[in-house]
Amino acid sequence: MTQTLVSAASGALLATGEGGPGLHSVPATGVFDATWLVIALPLLGAAVLLLGGRRTNRFGHWLGTLLAVGSFFVGLALFSAMLDASDADRSVNQHLWDWVSVGSFQAEVGLHLDQLSMVFVLLITGVGSLIHIYSIGYMEHDENRRRFFAYLNLFLASMLLLVLANNYLLLYVGWEGVGLASYLLIGFWQHKPSAATAAKKAFLMNRVGDLGLAVAIFLMFTTFGTFSFDQVLSGNAQASGGTFTGIDLMLLLAACGKSAQFPLQAWLGDAMEGPTPVSALIHAATMVTAGVYLITRSAELFNASPDAQLVVTIVGAITVLFGAIVGCAKDDIKKALAASTMSQIGYMILAAGLGPIGYAFAIMHLVTHGFFKAGLFLGAGSVMHGMNDEVDMRRYGGLRKYMPITFVTFGLGYLAIIGFPLLSGYFSKDKIIEAAFAKGGTSGYVLGSVTLVAAGLTAYYMTRVMLMTFFGRERWKEAPVGAPADWHEPHPHESPKSMTLPMIVLAFGSVFAGGLFVLHDSFVNWLTPVTGFSEGDSPFSEYAVTGMAVAMVALGALVAYVQYARREVPAVAPQGSFITVAARKDLYQDAVNEGLVMRPGQYLTRMLVWLDLRGIDGFVGGLAAFIGGTSSRVRKVQTGFARSYALSMFGGTALVVAATLMARMA
Amino acid sequence: MSGNFPWLTVLAAVPFAGALLVAAVPAGKRALAKNVALLVTLVELALAIAVTVKFSPNGDRFQLTENHTWIKQFGVHWALGVDGIGVVLILLTAVLMPVLVLASWNDADAPQVRMDGTVGDTAAPRSTHAFFALMLAVEAMVVVSFAATDIFVFYVFFEAMLIPMYFLIGGFGGAQRSYAAVKFLLYNLLGGLVMLAAVVALYVATADADLGGAGQGTFDLMRITQAVGTGELNLNPTAEKAMFLGFMFAFAVKAPLWPFHTWLPDTMTEATPGIAVLVTAMVDKVGTFAMLRYCLALFPNASKTFAPLVVTLAIIGIIYGALLAVGQTDIKRLIAYTSISHFGFIIVGIFALTSQGQSGATLYMVNHGFSTAALLLVAGFLISRRGSKTIADFGGVQKVAPLLAGTFLVAGLATLSLPGLAPFVSEFLVLVGTFSRYQAAGIVATFGIILAALYVLVLYQRTMTGPVKAGVEKIRDLNVRELVVVAPLIALLLVLGVYPKPVLDVVNPAVDDTLSQVEKTDPAPSHPIEQVAAVTPLGGNK
């Protein structure tokens, strides 16, 4: 009864347009009562596998996979319930328990499920389940497979909490939770110092972003007195433009950390130290897209500050190019894909910065990217699996004959990401390029051009990966320069079914998802109640933009073909021009971080350690010496102690007398 | 009958009696002495739980009060009573003690290292007895400090605590322990003496205002705060400031607040892990507790005057402690500096004078007790296995002792305030409370979370990951006793992270009362959102 009243009221509110597409929700009932289960299932898996220890070794991977798949099915049930509901009833709120309550600071543990979070739930649990299945085979010979599945489940639970939380503080829990899971999984092979270092680096750079999220919450609390979605995003939030800009930029900082956007991008390449399924799930399909979720979720706040939105698009544009340039110069297949991920998320961030013109397309690209990039990573893992864990593409070549399924699925993912007509990436990327031009004005032209150039670069570096890996001479047959004495030729072979099956499923997504999404504008219509939508004002027709994009893609692919198919790929990378050298060094990102932050920090720390011993302590020690004799006597219990004790007693008595006199005079 | 039962006196008397009992165990019967000590701490825990249950969060500020004349001439009373803040800290103490006894089980049995670095032939016959008796004595004194409502009683126990602590630090632990013990004593004694002057001055002022009747003064906390509130006791501003500084100095040394912190790293590095926890998780908490209870309530105007100064020092302490932790090469010293950073958070929370800050600070005292205990005790297990506390001597422990490494990581994650674990809630409350009063200070303090991640993860990486270093391969994993020590701490860190409400419900009324004593209210939001109540019910489907 109340239920209908409430939905009627919120429907009326939407109808009057008050607060625009602001976030309104109804209490969860019926199937939606099970929303919490989506998170609880993988969380249970993590708990059982971590607390159960070795006893669960035998069935740990099955349990972890089962619970991930279970969570996916709960997600499907929620999705079908949501399809049956009217627009106003699709946004539901589930209160679980009161969490932190001090004065006006009220935080609950509660979930918010709407069209936007639904998309994420399906993506996370869907791709997550596939990658669990893949990992059964991939991690078969790892003695710590059970722990690996525990961490994967922990990741799923955290990521789902991130997208289902109904307030920013609870979102923060998921936000750092995925950071922890990422830390544990990047450093999964912790006996390798490089893995341990990469894990630490990722967590630290993410913490810099987390600082932004924390300050954004502080600002929301001091401005609005609340940080729950129902309130802050209701469309009723009023504040000065400066305040909105402040909150937005802090949220953007958070997004930059998690989504490896400039200037917090340096951790993602190193994160490839983790097992490949982790790279596919966390560092390609889901976690790194959390920044896009955060901005899109906070649409109401970003729409209120055009300045902040401009900064968002700039960050996106820089990262699009940054990632694409770095991607052109990588010989490590995983690092090439990682640079590509950074660049593709740059597209999404850029789109999200465009406001209602771009939110829906940002999410659409996020989902299609989730399919093809996860597929590409799994393909890379499959190649490595058959090649003794070799990652250097200069040591690949001609592998299409040896691993046909990997070749075909990887190839479809490749065609999707470069935007080959009618595949997923073609639709989703094209929409972003259109939206960038549709922003209008000079900035529209600049952003549009950047996305076009990047489309060409994407085609170039991905064609390069494809050619170096699957075509050309079989370079792996020759011993590498400086090979160890026990070097023996690898025997490339196709991976087991548990690995190829997920790749095949993802390949289907890479091919068809984009077309399905644009059919009747179904994806945009689905999200519009949450994110709003506006056409914008493009200076070019849809066909003109498509034409330009396809031309850029063809150009990029052609250049790569000339360089890597028509000529021999050298086993050792040539010197190259200044630009090539810079790109190989990740555009000096680590040198900059080290020079600006790490080394000054080390000097400061060393200086303070010195000062603490000699400065403050030296001063106090000197004072003690002055009062109680030499400092060497202070060290001797009997003499120094007794004398200084007597003296401090005397000093204390004097103080007492003085204080008494003062109080009397008062 | 239960209405008059002297719960708090019994709570104080049990560990005292236990200390005597342990001391009376015949020489040589070390195991018996330990078991008696453990039993006493468990009885105390049961009593503390009973007291907590009896305490009603929405009742009077002070409950279970007792009042008996002690020294008539000076108006001193044996007056006890707990508010929400006191009760949770007593519970913290009571929970930690059995854990510490168990963790320190063998620490006093071994021959002690002499000052010149050589090891004695045999342990003194009664060393184990003395060790545990002294620990129990400290527990008793900490409990009285948390429960006293008479300033004189508080002062006596606050100071007397130094004696058993001095012997615990000086008698057991590393080679430099005597130096550390003397330093500990000198710093804290100096603080105490300054405070004594202020206590006497306050007494004189109350006598002038005739608060004790018949021209006498009083030490009764409730009587004085009431008189301060009504204006019956109207201190001259200069005198009030001087007295505030007198009290504050003692608490700032104890807590410790930057720049009065330098005794803590030496103490924590030299003391046994159990005693280091005793210092940082309990004894030091008396300092921050006393700031909240005495400085603010007795000297509200001076508190407001000095709040910006104290906040500044505390913020410096947060960053300073964290940076120094990053630069340490000794595991225990590193953890000591993390505590200095954390005490900065607690103190800044108290002096931001907001409900979030103070409730957060109180919760922080509890959570820091658990997280630091977990980190230090596991570090202690690690150090005792390798016989070195130098970080560079470790590496790859995860490979040989995964359980030890895992618990160390969880404790470390609690120390860096990972959401989901208890310290996150308190740290966030402190930060938000600080930010709403002093925006810049709040932001600077927030940088502490990045540094915390740095010092914890660097420590973990260097000790636990990488190839197994020579000398590490023989390290065993945690045994059952050690697991029993760590498990409850980790469980508490998890539970309080997810459901801190029971603690906050108890603490909040006491904090609100404190803030009303200093006449401060929380800053209001600048643009509160108009409630659209019918459309967006927060309550959900109940």
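Here, every reference points to the structure presented above.
Let me sum up the structure you'll find in this document. Positions within a chain are numbered from 1, following the residues in the order the chain's sequence is written. Each chain gets a letter, beginning with A, and each ligand a number, beginning with 1, in the order they are written. Side-chain atom pairs in this predicted model are given and counted only at pLDDT of 80 or more, local residue features only at pLDDT of at least 70, and totals for whole chains, interfaces and linings cover all residues. Only hydrogens and water are set aside when side-chain values are computed; all heavy atoms of the structure are taken into account.

As for the overall build of chain A
- Here a helix means four or more residues in a row that DSSP labels H or I, a strand means two or more in a row labelled E, and each is numbered from the N terminus. Counting its regular elements, chain A contains 26 helices and 3 strands.
- Exposed residues in this analysis have more than 50% of their type's maximum accessible area, buried residues have under 20%, and partly exposed residues fall in between, with area computed by a 1.4 Å probe over protein chains only. Expressed as a percentage of its 666 residues, the buried residues of chain A come to 60%.
- Contacts in chain A between residues far apart in sequence, at least 24 positions, make up 80% of those at least 6 positions apart.
- On chain A, roughly 24200 Å² of surface is accessible, and the fraction owed to carbon and sulfur atoms is 68%. Any two residues whose heavy atoms approach within 4.5 Å are treated as being in contact. Exposure was quantified through the Shrake-Rupley algorithm and a 1.4 Å probe, taking into account, for residues, occlusion by the shown protein chains and nothing else.

Considerations on the overall build of chain B
- Tallying secondary structure elements over chain B gives 20 helices and 2 strands in all.
- A compact globule built from 542 residues would reach a C-alpha radius of gyration of about 24 Å, and chain B, at 23 Å, matches this within 12%.
- Across its three principal axes, chain B shows a C-alpha extent of roughly 70 × 65 × 45 Å.
- The burial tally for chain B puts 66% of its 542 residues in the buried class.
- Put simply, 80% of the contacts in chain B that link residues at least 6 apart link residues at least 24 apart.
- Carbon together with sulfur atoms contributes 65% to the accessible area of chain B, which is approximately 16800 Å² in total. For the radius of gyration, the atoms used are the C-alpha atoms, and the globule rule reads 2.2 Å times the number of residues raised to 0.38.

Structural notes on the sheet that holds strand β2 (residues 92-102) of chain A
- For two strands to be treated as a pair, DSSP must find no fewer than two bridges joining them. In spatial order, the strands read β1-β2-β3 (chain A); together these 3 strands make up an open sheet with mixed pairing. The open sheet is flanked by β1 (26-27) and β3 (105-113) of chain A, the only strands paired with a single partner.
- For helices, the fitted axis covers only the stretch in contact; all axes are lines through C-alpha atoms, and the angles between them, taken along N-to-C directions, range from 0 to 180 degrees. Across the sheet, helix α17 (residues 422-437) of chain B is in contact with β2 and β3 of chain A; its angle to β2 of chain A comes to roughly 75 degrees.

A word on the nonpolar core
- Within this scheme, the nonpolar core is defined by two criteria: the residues are buried Ala, Val, Leu, Ile, Met, Phe, Trp, Tyr or Cys, and they are joined through side-chain atoms within 4.5 Å. Counting 439 residues, the largest nonpolar core has F247, F251 and F351 of chain B as its most contacted members.
- Not counting residues up to four positions away in its chain, the partners in contact with F251 of chain B are F154, F158, M195, G287, A290, M291, Y294 and C295 of chain B.

A closer look at the side chain of D230 of chain A
All names here are of chain A.
- By the secondary structure assignment, D230 is in helix α8 (residues 229-232).
- In this tally, Lys and Arg are treated as positive and Asp and Glu as negative; His is ignored, and so are the chain termini. The salt bridge definition used is simple: a Lys or Arg side-chain nitrogen within 4 Å of an Asp or Glu carboxyl oxygen. The charged side chain of D230 is buried without a salt bridge, its nearest counter-charge being R297 at 9.0 Å.
- Pairs of N or O atoms within 3.5 Å make up the polar contacts considered here, provided that, within protein, one atom can donate a hydrogen while the other can accept it, and that residues adjacent in sequence are counted only when both atoms are side-chain atoms. For D230, the side chain forms a polar contact with the side chain of S25, separated by 3.1 Å.

Observations concerning the pattern of salt bridges
- Counted by the stated rule, this structure contains 25 salt bridges over all chains.
- Close ionic contact of E273 of chain A with K192 of chain A constitutes a salt bridge, the shortest N to O distance being 3.3 Å. Residue E273 of chain A is found in the loop between α10 (267-270) and α11 (276-285), and its partner K192 of chain A is found in the loop between α6 (168-186) and α7 (193-224); the two are separated by 81 residues along the sequence.
- The structure contains a network of salt bridges with shared partners spanning R61, D83, R293 and D513 of chain B.

A look at the side chain of E44 of chain B
All names here are of chain B.
- Residue placement: E44 occurs in helix α2 (residues 30-54).
- Comment: no salt bridge for buried E44; closest opposite-charge side chain is R293, at 15 Å.
- Every residue in contact with E44, bar those within four places of it in the chain, is listed here: L11, V14, P15, A94, E139 and V143.

These results come straight from atomic positions and should not be treated as a statement about function.
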